[in-house]
Each structure stands twice: as C-alpha cells, then as structure tokens.
Amino acid sequence: EIKRLRRLQARLQSTPTESSEEDRLVAELETINEKIRTARQAQQEAYSVHREIIEDRKQRTEGLQDLRSELNEVRGKRRTLQKEQTRISDEFLVKQFQYEQYQRTVRSGRS
C-alpha cells in the first residue's frame, strides 16, 4: 500500500510539468483566439466604414443627378424665355415700324 501511494505521489509530482505545458498551450490558444476575435472585429468595423463610404457616394451621386436634372430644366426654361423674348422683341419692332409708317402717312396727309 505504501509503495502504491509513493508511485501515485511520484505520478502527481510529474504531472505538474505536463499540466504546466498544457496550461501554457491553453494560454497560447486563448491568446490566438483573442487575436482572431480582434481581427474579426477590426474586419467588421472596416466593412461598416466601407459600406458607409459607398452609401455616402451613392447619396452624393443621386444628389448630383438631381442637380443635373434641375440644371437641365432651368436651361430649358431659359431657352424658352429667350425665344419668347426674341418673339416679343421682333413683334415690338414690327409694331414700331407700323406706327412710324402711320405717323408718316398722317403727316403727309396734313401737308
């Protein structure tokens, strides 16, 4: 019985070396796992920032398209107004000429 207890004690005394090696490996694995978690978190943050950048660009592009449409609409209105101004100006010149002709006719009729 004493021999058996001494063998058990010897085995237990040798186990801490194995146990400390196991503890060291477990600690290394935990460190590696923590690095993996940190890397995944950084990757997710980078992905989120990337999505935000894409969304911001998309909104700016849509905003620019809206501004282009508005600009084209204003340009169209300006062309219409320029045509209308030209038509009114031409009409004015015709009326002015007709009035001058009328004035000449009235003056020559008085003479």
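Residues numbered from 1 in each chain as written. Predicted model: local features only at pLDDT ≥ 70, side-chain atom pairs only at ≥ 80, totals over all residues. Heavy atoms only, no water.

Is there a simple way to explain a nonpolar patch on the surface in this structure?
Together, L29, I32 and I36 give the surface a local cluster of nonpolar side chains, amounting to about 260 Å² of exposed area. Along the chain, the position of L29 falls in helix α1 (residues 2–110). Judged by relative accessible area, which is 51%, L29 ranks as exposed. (Patch = residues over 30% accessible without salt bridge, like charges linked within 9 Å, V, L, I, M, F, W, Y side chains within 5 Å. Areas by Shrake-Rupley, 256 points an atom, 1.4 Å probe, with all protein chains shown as cover. Salt bridge = Lys/Arg side-chain N within 4 Å of Asp/Glu carboxyl O. Helix = DSSP H or I, 4+ residues; strand = E, 2+ residues; numbered from the N terminus. Buried < 20%, exposed > 50% of the residue type's maximum accessible area, 1.4 Å probe, protein only.)

Even after reading the chapter, I still don't get a negative patch on the surface, so can you show me in this structure?
The grouping of E55, E62, D66 and E70 at the surface amounts to a negative patch. Mapped onto the elements of the fold, E62 is located in helix α1. By relative accessible area, which is 38% here, E62 ends up partly exposed. (Lys, Arg positive; Asp, Glu negative; His and termini not counted. Charge placed at Lys NZ, Arg CZ, Asp CG, Glu CD.)

Is there a simple way to think about a positive patch on the surface in this case?
A contiguous patch of positive charge, built from R75, R78, R79 and K83, is present on the exposed surface. Checked against the element boundaries, R78 lands in helix α1.

Interpretation note: all reported values are geometric properties and have no functional meaning in isolation.
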